[in-house]
Amino acid sequence: MNGRDAFTGHMRSSSSRAGASMAMVSMLCVQLGLAASVGLSDQVGAAGAAWLRLSWAGVLLLLIVRPRPATFRRETLGAGAALGVVTAGMTLLFMMSLTRLPLGTASATEFLGPLGVAVARSRGIVRAWALVAGAGVLCLTQPLTGTVDPVGMAFAIAAGGCWAAYILLTQKIGDALSGISGLAISMPVAAVVATLAVGPEVLGRLTAELLVIGLGLAILLPVVPFALELLALRRLDAGAFGTLMALEPAIALVVGLVVLHQVPDLVAVLGIALVVAAGVGAERSGTRTPLGHLDGAGAAPELSDTALVDPR
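Values in this document were obtained by computation on a predicted structure and should not be read as measured data. (Residues numbered from 1 in each chain as written. Predicted model: local features only at pLDDT ≥ 70, side-chain atom pairs only at ≥ 80, totals over all residues. Heavy atoms only, no water.)

Asks: Break down the packing of helix 3 (residues 103-110) against helix 10 (residues 248-258) for me, with residues and values.
Replies: With their axes 7 Å apart at the nearest point, helix 3 and helix 10 run at an angle of 165° to one another. Taken together, the axes of helix 3 and helix 10 are roughly antiparallel relative to one another. Relative to helix 10, helix 3 is oriented so that their crossing is right-handed. From helix 3, L103, G104, S107 and A108 reach across to helix 10, where they touch P249, A252, L253, V255 and G256. Looking at side-chain class alone, the contact of helix 3 with helix 10 contains six nonpolar, three polar and no charged residues. (Axes fitted to C-alpha atoms, helices over the stretch in contact; angles between N-to-C directions. Helix = DSSP H or I, 4+ residues; strand = E, 2+ residues; numbered from the N terminus. Parallel < 35°, antiparallel > 145°, perpendicular 65-115°, else oblique. Left-handed = near helix turned anticlockwise from the far one by under 90°. Contact = heavy atoms within 4.5 Å. Nonpolar A, V, L, I, M, F, W, Y, C, P; charged D, E, K, R; others polar.)

Given below as structure tokens:
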């Protein structure tokens, strides 16, 4: 290997390490934001905490990106609006699950949504990872003991379904727009949907202090994590990024233990480990070749999609 090749290899290695670090920090921000939102839920309710984050995120992205609707095709705007609806559903449902489930259990259960998409896009033996994930969910729910709240599980599963729809819609928009432009369409729509759903019952409980807390949480989640994921995707291929994101249920377990003092039993730990293993195995086999963007709303990042991007 000559000096030039060695230098190029070193630069690629450094870029990969930087991308991996960004992805890990992003996941940590997501889980810390969710943990902090649990405390806010005591004052404005789970749906109210989700509404505050979505509303501030929508405002911030409109101010930062300043999207021009005239530059987007009607089909792209429609997909962006649909993405906003499922983003609101996912955020509201997941926050409601956290009032009944430990953070690690809720995150691992919701993760079945993107995992299902990754497995469905794969072929042959790769689909066996669905069985591994199923075993993990059985460990988490422990149906024979009846220790897990079934309503909380239903909320988490529904949130996972919204996450799966988010993936498919993100791929559609990702083929037409740069990632940040798509989010500037979807997040304001998500804010409007959340306002229509829960705003009236929350507005009377708001104070100036809660508004400031909501702004801080919106920056922690989703604004900063999305920016970090966008930068990470420019340094990692989809398989590597997806494998890292599959570690999120494990990070949720640690954050739940340290921040919320939620101590899991050994069976639950095994369940999360199985879900993580299924996510790693499925995503390592599910790389997608990105397509060029169609609309003139900004240059595309090197990768326009990954199955495991977390927008919450």
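Asks: Describe in detail the packing of aromatic side chains, supporting the description with residues and values.
Replies: The tally for this structure, following the rule as stated, stands at one aromatic pair. Centroid distance F111 to W163: 6.3 Å. Interplanar angle 75°. Geometry classified as edge-to-face. Residue F111 is located in the loop between helix 3 and helix 4 (112-120), and its partner W163 is located in helix 6 (residues 150-174); the two are separated by 52 residues in the primary sequence. Each member of the pair, F111 together with W163, is buried. (Phe/Tyr/Trp six-rings, centres within 6.5 Å; stacked < 30°, edge-to-face > 60°. Buried < 20%, exposed > 50% of the residue type's maximum accessible area, 1.4 Å probe, protein only.)

Asks: If you had to explain the packing of helix 3 against helix 4 to someone new, which residues and values would you point to?
Replies: The contact between helix 3 and helix 4 brings their axes to 5 Å, and the two run at 30°. In terms of axis orientation, helix 3 runs roughly parallel to helix 4. Mapping the contact onto sequence places A108, T109 and E110 in helix 3 and L112, G113 and P114 in helix 4.

Asks: Lay out the pattern of salt bridges in plain terms, naming residues and giving numbers.
Replies: All told, the structure shown has three salt bridges when counted by the stated rule. We note a salt bridge from K172 to E75, for which the minimum N-O separation is 2.8 Å. With a gap of 97 residues between them, K172 in helix 6 and E75 in helix 2 (residues 74-98) connect regions that are remote in the sequence. When the shortest N-O distance is used, the salt bridge between D149 and R100 registers 3.2 Å. Of this pair, D149 sits in the loop between helix 5 (129-141) and helix 6 while R100 sits in the loop between helix 2 and helix 3; the two residues are 49 residues apart in sequence, bridging distant segments of the chain. In this structure R100 comes out as partly exposed when scored by relative accessible area, which is 41%. (Salt bridge = Lys/Arg side-chain N within 4 Å of Asp/Glu carboxyl O.)

Asks: So what's going on with unusual backbone geometry? Which residues, and what values?
Replies: Cis rather than trans, the peptide bond between L221 and P222 has omega equal to 20°. When you line up the elements, P222 lands in helix 8 (residues 208-233).

Asks: Give a description of the side chain of S55 that names residues and reports values.
Replies: Mapped onto the fold, S55 is located in helix 1 (residues 3-65). When neighbours within four sequence positions are excluded, S55 is seen to be in contact with A191 and T195.

Asks: So what about the nonpolar core? Which residues, and what values?
Replies: L34 and L103 are the most contacted members of the largest nonpolar core, which has 86 residues in total. Here the element with the most residues in this core is helix 1; it accounts for 18 residues. (Core = buried A, V, L, I, M, F, W, Y, C linked by side-chain atoms within 4.5 Å.)

Asks: With reference to specific residues and values, describe helix 3.
Replies: Counting buried residues in helix 3 gives eight out of eight residues, a clear majority hidden from the surface. For helix 3, the set of buried residues is L103, G104, T105, A106, S107, A108, T109 and E110.

Asks: Hey, could you go over the confidence of the model for the chain for me, with residue numbers and the actual values?
Replies: Residues at a pLDDT of 70 or more form 83% of the chain, whose mean pLDDT is 83. By mean pLDDT, helix 9 (residues 238-245) is the weakest element of the chain at 73, and helix 2 is the strongest at 94. pLDDT under 50 marks residues 296-307. Its contacts with residues more than four places away, or in other chains, come to 41 contacts. (pLDDT = per-residue confidence, 0-100.)

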